[in-house]
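Survey of secondary and tertiary structure
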Amino acid sequence: MRKAKYERKTKETDVEVQIVLEGTGEAEVETGIDFFDHLLESMAKHGNFDLTAKGKGDFEHHIAEDVTIALGKCFEKALGDKKGIRRMGDAVVPMDDSLVLVALDLGGREYSDIDVTFEKEKIVDLTSDLFVHLLETLSSNLKCNLHVDVLRGANDHHKAEATFKALGVALSEAVEKIGEEIPSRKGMI
Ligand SMILES: [Mn+2]
């Protein structure tokens, strides 16, 4: 079973993330930011990952950022040498009014293009302008190419949640083991 744990303790935050790639969608998430917990739980559920994520610290921004750094590093660690993985994954997920496309490549090249905007300053208790930053942070720490496009949508909650559901589905596809070789013509990623 591919799994990993990553802890990070700084003067600002204390975070711990554990992930099992071959999981059942069980999540235990406590960051003190309810909507961020909800997003991570949705990602775990629809990606079939077992996820534990704990975070505390000084500010919402730092906690969400550091949990996301730990999440990216955890995924990267759990993937190991990436032998036999599908590597690419994508999903288009609707949630009522919202339709979100996520496409990613775990090929080791960090690049993100996140096209999501929100109407309101807060989505429940998560500051909206953190959302794009968190996905960029995930991309750079997981070393993945990540594209996110909200194809349509009116409700902020739905746009955000559909994004994390799609992220879960796309990640579960990309991490799937389909062979034994490193999935690159270069022989390394
Ligand atoms: Mn919801």
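First things first, this report covers the structure right here in the doc. The structure displayed is predicted, hence computed values, not measured ones.

Topic: the pattern of salt bridges
Following the criterion strictly, the structure yields 11 salt bridges and no others. Among the salt bridges present, the one from glutamate 176 reaches arginine 86, with a minimum N-O distance of 3.2 Å. Placement of the pair is glutamate 176 in the segment after helix H4 (156–175) and arginine 86 in the loop between helix H2 (60–79) and strand E5 (88–95), with a sequence separation of 90 residues. With a relative accessible area of 37%, glutamate 176 lands in the partly exposed category.

Examining the coordination of the manganese ion
Angles between donor atoms at a metal ideally measure 109.5 degrees for a four-coordinate tetrahedral arrangement and either 90 or 180 degrees for a six-coordinate octahedral one. Ligation of the manganese ion by protein atoms is provided by His38 (NE2), His157 (NE2) and Glu161 (OE), these donors lying 2.0 to 2.3 Å from the ion. On the accessibility criterion, histidine 38 (29% relative accessible area) is partly exposed.

Brief notes about the sheet that holds strand E3 (residues 27–30)
Pairing within the open sheet is mixed, and its 4 strands lie in the order E1-E2-E4-E3. For this open sheet the edge positions go to strand E1 (3–9) and E3, each flanked by a neighbour on one side alone. Put simply, the sheet's adjacent strands are angled 5° from each other on average, direction ignored. Two elements, E1 and strand E2 (residues 13–20), share 7 bridges in a ladder whose sense is antiparallel. Following the sheet pairing, alanine 4 is matched in E2 by isoleucine 19. Against the sheet, helix H1 (residues 34–47) touches E3 and strand E4 (50–57), its axis set at about 160° to E3. Contacting E1, E2 and E4, H2 runs over the sheet at an angle of about 35° to E2.

So, the nonpolar core
Core analysis: the largest hydrophobic core is formed by 56 residues, its most contacted members being Leu106 and Leu167. When neighbours within four sequence positions are excluded, leucine 106 is seen to be in contact with Leu79, Lys82, Ile85, Arg87, Leu142, Lys143, Cys144, Leu171, Ala174, Val175 and Ile189.

Reading the values: the criteria
- Residues numbered from 1 in each chain as written.
- Predicted model: local features only at pLDDT ≥ 70, side-chain atom pairs only at ≥ 80, totals over all residues.
- Heavy atoms only, no water.
- Salt bridge = Lys/Arg side-chain N within 4 Å of Asp/Glu carboxyl O.
- Helix = DSSP H or I, 4+ residues; strand = E, 2+ residues; numbered from the N terminus.
- Buried < 20%, exposed > 50% of the residue type's maximum accessible area, 1.4 Å probe, protein only.
- Donors = N, O, S within 2.8 Å, 3.2 Å for Na, K, Ca; no water.
- Pairing = 2+ DSSP bridges.
- Axes fitted to C-alpha atoms, helices over the stretch in contact; angles between N-to-C directions.
- Contact = heavy atoms within 4.5 Å.
- Core = buried A, V, L, I, M, F, W, Y, C linked by side-chain atoms within 4.5 Å.

Keep in mind that these numbers describe shape and distance, not what the molecule does.
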